[in-house]
Structure formats: C-alpha cells, structure tokens
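# Secondary and tertiary structure notes
Each chain, written out:
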Number of protein chains: 2
Amino acid sequence: MRDYQSTAQFFQVLAHPVRLQILAALSEQACCVCHLQALTRRPQAYVSQQMRVLRDAGMVSDEKDGQNVYYRLCNPTVEALLHEVIGSDRPRTTIADCNCPKCVDE
Amino acid sequence: MRDYQSTAQFFQVLAHPVRLQILAALSEQACCVCHLQALTRRPQAYVSQQMRVLRDAGMVSDEKDGQNVYYRLCNPTVEALLHEVIGSDRPRTTIADCNCPKCVDE
DNA sequence: TGGAAATATGCAAATAATCATATATATTTT
DNA sequence: AAAATATATATGATTATTTGCATATTTCCA
C-alpha cells in the first residue's frame, strides 16, 4: 500500500454496508450480478454501480460467461481485512430466487 | 464486529488520510495534540476535531497530563488493520517543532 | 488574579458520496 | 430479426463529510 491518501481511498471503498455484504459473499465463492441482486435485495443498476466501484478499486475481477458476468475477489489484502473485521460468524444467507445457470445446477 | 452497517462506519473512520497518519503515529507511541499538529502540519482545531472522531469511534483513548492531552491507540483491531495495510514501511517522520514536556525531555 | 498555552467545540461553506431513474449494450431465445 | 434477459452507464437530486474559522474551556505560571 502506498501513501495515506490512497490507503484512505481504499478504506473508503470498504466503508459501505452493501459493498461489504457483496465482498463477504464473494469471499466464499464467485457470484454473478443476479445472485448479488437477490442477496442484497437491491435493483440491478444499483448492484452494477457498486461492482464498478469494487472493480475500479482493484478488489474484484469480472468474467463474462454467456449473458452472465461472474465476479470474484482478487485482492488478498481485502480478504485478510474481511476476515479480521467480519470473521467467520457472518450471517449465512441462502438465496432462493437466483436463476443463473450456476445456481440452478447446484 | 457486528453487522455490515457498523463495520462500514468503522471503515469510514479509517477512510481519511490525516486520521490514518495520526493512527500510524499513535501505533508507535502515545502523542499529545501539539505533537500531532506538528506531524500533520494542520491547525490545532483541525487535529482536535479528528481526535474527536477517533475517540467517538473507540479507536483512541485520551489522558490529560497538565495542559497536555495524550492520546493512545486502544483498539487491537485497528492496530492489526494498520499493520496489514501500511506495514512497517511508513515514512518515519521526525518532528522538530513540538515543545511538549515529553518531547523536550527526550 | 490575570494572562498565556493547550485543547475542545460550534457552525457554516465547500466538497464528495449515495441512490434512484432512465437508457444503452450484449447475448440468448424464439 | 425481434423479444427477452443480464449487465453497464449516465445523470441528477439528496444527503453526508470535510474543513476553515471563531470562540470556549482548562490549566499553568508570573
């Protein structure tokens, strides 16, 4: 990590409840946007906006598979911090209403 | 740490370059406000405001000694996070113009 | 006691972040 | 090729944060 300015920006990205929820979900498995929509109960555009913030911050990477875009965590520091502050006792929300191929298959 | 909302607020406090600089200094030793003023090159009222934010967030504790107030880190999670994101390669800024008893004695 | 030094607080202007809405693009299905 | 689905982007209104400045409070010392 560089100077205090960029470190502050890094923390700013984490200073958001929905982004934290998304990152916590991604720390378990890669998810498509529709999955995160169901998880967070937010409109698609909203989730997509947050994913851009996370992508621009270098915290997640995206991979397109057909119609779906799968996001995954790609930053070890973020993983470590999540573990530090959230730990493993986070609410294991099961998502019922996601119809992406990956969810339907399992 | 509790829910995502309070975790986000926790990160919000860290999402500030001057507060980060102050916390990094406190992670080495307790400092009075005048010391932090010299370090950050900000007006006294500015530093005092940031100290309130850190105090309200439960990250630092204050102890009055005569005219001076000494602040110290009092949150192990903050210490761990600072170490994670800043590490030990932070600029070791020596402060010349602080006249508090502690600084003058040494 | 009175003044100077150290620190804290209150408030307002400037700045930045959030979120809803509308719309665009790409892919699959029919 | 048109419709449907998944995702992305642009824009603007609202709200929150930052920061400078004036002033208050506390303590020390002459």
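Keep in mind the model is a prediction, meaning the values are calculated, not measured. (Residues numbered from 1 in each chain as written. Chains lettered and ligands numbered in written order. Predicted model: local features only at pLDDT ≥ 70, side-chain atom pairs only at ≥ 80, totals over all residues. Heavy atoms only, no water.)

What follows is about the protein's contact with DNA strand C. Around DNA strand C sit 21 residues, and of these A:Tyr46, A:Gln49, B:Gln44, B:Ser48 and B:Tyr71 come closest. Within 4 Å of the protein, the atoms of DNA strand C are drawn from sugar and phosphate moieties in a proportion of 61%. A:Tyr46 is positioned such that a nitrogen or oxygen atom in its side chain is 2.7 Å from a phosphate oxygen of DNA strand C. Between a phosphate oxygen of DNA strand C and a side-chain N or O atom of B:Ser48, the distance comes to 2.8 Å. The element best represented in the surface near DNA strand C is helix 4 (residues 44-56) of chain B, accounting for 5 residues. When its residues are assigned to classes, the surface near DNA strand C shows 8 nonpolar, 10 polar and 3 charged. (Near = heavy atom within 4 Å. Polar contact = N/O pair within 3.5 Å; in protein donor to acceptor, adjacent residues only side chain to side chain. Helix = DSSP H or I, 4+ residues; strand = E, 2+ residues; numbered from the N terminus. Nonpolar A, V, L, I, M, F, W, Y, C, P; charged D, E, K, R; others polar.)

A word on the protein's contact with DNA strand D. Near DNA strand D lie 22 residues; those nearest to it are A:Gln44, A:Tyr71, B:His16, B:Tyr46 and B:Gln49. Counting only the atoms of DNA strand D that lie within 4 Å of the protein, the sugar and phosphate share comes to 63%. Within the contact set of DNA strand D, a phosphate oxygen lies 3.1 Å away from a backbone nitrogen or oxygen of A:Val69. Those elements that place two or more of their residues in the surface near DNA strand D are helix 3 (33-40), helix 4 (44-56) and strand 3 (68-73) of chain A together with helix 4 of chain B. Tallying contributions element by element places helix 4 of chain A first for the surface near DNA strand D, with 6 residues.

All names here are of chain B. One open sheet accounts for 3 strands, arranged 1-3-2; its pairing is antiparallel. Only two strands of the sheet have a single neighbouring strand rather than two, namely strand 1 (31-32) and strand 2 (60-65). The sheet contact formed by strand 1 and strand 3 (residues 68-73) spans 2 bridges and is antiparallel. Among the inter-strand pairings, Cys31 is bridged to a residue of strand 3, identified as Tyr71. Contacts between helix 2 (residues 17-26) and the sheet are confined to strand 1, strand 2 and strand 3, with strand 3 contributing the most and set at about 85 degrees to the helix. (Pairing = 2+ DSSP bridges. Contact = heavy atoms within 4.5 Å. Axes fitted to C-alpha atoms, helices over the stretch in contact; angles between N-to-C directions.)

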